[in-house]
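One-letter residues, chain by chain:
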Amino acid sequence: MKRKLIAAIGIAGMMVSIAACGDGGSTSGGSDAKELTVWLTVDAQNNWPGLVKAADDAVTKKHPGLKIKHEYYGWPDKNTKLDAVLATDKVPDVVEMGNSEMLGYMVKGAFAEVDPAKFDNSGQWLDGLKTSVTYEGKTYGVPYYAGGRVANWRKDIAASAGIKTPPKTYKELTADLDKIQKKQGGTFNAWYQPTRDWYAAMSFVYDAGGSIAKEEGGQWKANLSSPESVKGLTEFKKVVDTYMHGDKTKDESDRYIVYGQGKSAMIFAAAWEGATAADPKNDKTGKLKDNLENFVMPGPSGKNIPVFLGGSDLAIPVKSDAQALAAEWINAFTGSEGQKGLIAKGNLPNNKTDLATLKHDPATAVPANAAESNWFVPMAPGWGQVEKAQILQTMLQDIGTGKKSVEAAAKDADAAIDKVINTK
């Protein structure tokens, strides 16, 4: 799904005492409320309004007379509105959050604690999504759906280099890309991999057994300069040096546009990016529609590379007066029946059981298999400050441009992360 998940790095105007408001996060009160307000993004409004109605019908059947009000927001606008209302008593009862937005709000005590046992498939929630709703051992949200990352390449360009099928191993991948690079020559990008794309770079780090940071005794410690992390970063630099001949200071924000310009053979990106590049308004070659192919990204470790698992969660503001009803609505929307509907609309489910059913269907096998191995950001109180300071992006640019060695850049990044990662 085409969407960008933006980490919540602070909540403007929120009262310090917000965690003391509402019913203490038990989601046990408010079952006699007469109205429920649900905030979702326009994804639901435009793509699966029938699933929203089905959840409404299920809840109102149990609670005759209940009025359910929906408000829909674009991703860039939602948090500004949410931050403003959280400082008042007029909060929504359910709010959709990008999973990378959850942490900053959980740290500030904005969301009520929920009991996972009350939600379908909670024992099988995907690891990355489960992590995104968990802070200090407590659960503050419910996974809604997932979005993964896949490799995507041009079949026509691969074929011109004598390659007929996507690679299954990393050794095959690099051998294929070497053939493509030799065939195309010049400044062509056999693999267009923006240097500052930390989601891709950290996939190499986790594949090598490293991590961004580790928690020990309740404190987080940066881990990018560990031997394992350096190994992953070194391989990432090799990719950028060998196959990426564009601007070494770029991030991934316009990758699909660059891909559509026809000077690249492959990307490793969010699953929606290939299809968006092939949209006529982005495809400057006129050839992409029938020539793009997704495949599971193999890792240097010999396994599928772990991917950052994006997606959405649903949370209940701690000031809600209808927390129990909100929990009922969330379960009706994200439960077993809701997941079937979301899968039918092209989303990845929130749980491993449903994900397994997609792995053998040719239409869904690639994203489902890719999502099986995943990672998520450190759930540390100061992670928002790490993102705000763009510490990872700076490190990667220094590595990609040769300003610093991998070891020096990783060491400097660790020092910068350690200054803020434990600060609320």
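Residues numbered from 1 in each chain as written. Predicted model: local features only at pLDDT ≥ 70, side-chain atom pairs only at ≥ 80, totals over all residues. Heavy atoms only, no water.

### As for the pattern of salt bridges
Here comes step 1: Scanning the model with the defined rule gives 16 salt bridges in all.
Here comes step 2: Counted as one network, the salt bridges with shared partners bring together Asp197, Arg255 and Glu273. (Salt bridge = Lys/Arg side-chain N within 4 Å of Asp/Glu carboxyl O.)

### Here's the deal with the packing of helix H8 (residues 198–207) against helix H9 (residues 227–243)
Here comes step 1: Across the interface, H8 lies against H9 with an axial gap of 7 Å and an inter-helix angle of 130°. In terms of axis orientation, H8 runs oblique to H9. Judged by the twist between their axes, the crossing of H8 over H9 is right-handed. Residues Ala200, Ala201, Met202, Phe204 and Val205 of H8 lie in contact with H9, whose contacting residues are Glu228, Ser229, Gly232, Leu233, Glu235, Phe236 and Val239. (Axes fitted to C-alpha atoms, helices over the stretch in contact; angles between N-to-C directions. Helix = DSSP H or I, 4+ residues; strand = E, 2+ residues; numbered from the N terminus. Parallel < 35°, antiparallel > 145°, perpendicular 65-115°, else oblique. Left-handed = near helix turned anticlockwise from the far one by under 90°. Contact = heavy atoms within 4.5 Å.)

### Some words on the sheet that holds strand E11 (residues 292–295)
Here comes step 1: Within the open sheet, the three strands sit side by side as E10-E7-E11. Their pairing is antiparallel. For this open sheet the edge positions go to strand E10 (266–270) and E11, each flanked by a neighbour on one side alone. When the angles between neighbouring strand axes are averaged without regard to direction, this sheet yields 30°.
Here comes step 2: Strands strand E7 (149–154) and E11 of the sheet are contacted by helix H15 (residues 365–372), whose axis makes an angle of about 135° with E7. (Pairing = 2+ DSSP bridges.)

### Remarks on the layout of surface pockets
Here comes step 1: The space that makes up the second largest pocket amounts to roughly 260 Å³.
Here comes step 2: Every element with two or more residues in the lining of the second largest pocket is listed here: strand E1 (35–41), strand E2 (67–73) and helix H3 (75–86).
Here comes step 3: For the lining of the second largest pocket, a count of residues per class yields eight nonpolar, two polar and nine charged. (1 Å grid on protein atoms, 1.4 Å probe; cavity = no way out; pocket = protein on both sides within 12 Å on 5 of 7 lines; lining within 4 Å. Points joined across faces, edges and corners; volume = space filled by probe spheres on them. Nonpolar A, V, L, I, M, F, W, Y, C, P; charged D, E, K, R; others polar.)

### Side note on the packing of helix H7 (residues 170–184) against H9
Here comes step 1: Following both chains from N to C, one finds H7 and H9 inclined at 20°, their axes separated by 11 Å at the closest point. Relative to H9, the element H7 is oriented roughly parallel. Here the hand of the crossing between H7 and H9 comes out left-handed. Facing H7, whose interface residues are Tyr170, Thr174, Leu177, Asp178 and Gln181, H9 presents Glu235, Val239, Thr242 and Tyr243.

### A word on the packing of aromatic side chains
Here comes step 1: For the structure shown, the criterion picks out 18 aromatic pairs.
Here comes step 2: Pairing tyrosine 206 with tryptophan 375 gives two aromatic rings, centres 5.0 Å apart and planes at 10°, and the pair type is stacked. Here tyrosine 206 is found in helix H8, whereas its partner tryptophan 375 is found in strand E14 (residues 374–375), with 169 residues between them in sequence.
Here comes step 3: The class for tryptophan 375 is buried, based on a relative accessible area of 3%.
Here comes step 4: The rings of Trp198, Tyr199, Tyr206, Phe308, Trp375, Phe376 and Trp383 are connected pair by pair, giving a single aromatic cluster.
Here comes step 5: For the cation-ring pair, arginine 149 lies above tyrosine 199, with the distance from its terminal atom to the ring centre recorded as 4.6 Å. (Phe/Tyr/Trp six-rings, centres within 6.5 Å; stacked < 30°, edge-to-face > 60°. Buried < 20%, exposed > 50% of the residue type's maximum accessible area, 1.4 Å probe, protein only. Lys NZ or Arg CZ within 6 Å of the ring centre and 35° of its normal.)

### A closer look at H15
The α-helix winds at 3.6 residues per turn, so residues separated by three or four positions along the chain end up facing the same way.
Here comes step 1: Looking only at H15, the buried set comprises Ala365, Ala368, Ala370 and Ala371.
Here comes step 2: The inward-facing, buried residues of H15 abut E7, strand E12 (307–308), helix H14 (352–358) and E14.

### Thoughts on the confidence of the model for the chain
Here comes step 1: Per-residue pLDDT for the chain averages 92, and the proportion of residues at 70 or more is 93%.
Here comes step 2: In the model, residues 1–26 has pLDDT below 50 throughout and makes 78 contacts with residues more than four positions away in sequence or in other chains. (pLDDT = per-residue confidence, 0-100.)

### Digging into the sheet that holds strand E6 (residues 142–147)
Here comes step 1: One open sheet holds the five strands; their spatial order is E2-E1-E3-E13-E6, and the pairing between them is mixed. Here the strands that pair on one side only, and so sit at the sheet edges, are E2 and E6. Averaged over all pairs of adjacent strands, the angle between strand axes in this sheet comes to 20°, irrespective of strand direction.
Here comes step 2: Against the sheet, H3 makes contact with E1, E2, strand E3 (94–98) and strand E13 (310–315), and its axis sits at roughly 130° relative to E3, the strand it touches most.

### Examining H9
Here comes step 1: Over its 17 residues, H9 extends 24 Å from the first C-alpha to the last, a length consistent with the 24 Å expected when each residue adds 1.5 Å.
Here comes step 2: Those residues of H9 that fall on the buried side of the exposure criterion are Ser229, Val230, Gly232, Leu233, Glu235, Phe236, Val239, Val240 and Tyr243.
Here comes step 3: In the core, the buried residues of H9 are packed alongside H7, H8, helix H17 (391–400) and helix H18 (406–420). (Expected span 1.5 Å × (residues − 1).)

### Re the pairing of E7
Here comes step 1: The buried fraction of E7 is high, at six of six residues.
Here comes step 2: The pairing of E7 with E10 spans five bridges and is classified as antiparallel. Opposite alanine 151, over in E10, you have phenylalanine 268 as the bridge partner.
Here comes step 3: Looking at chain direction, E7 and E11 are connected through four bridges and run antiparallel. Bridging across to E11, arginine 154 finds its partner in leucine 292.

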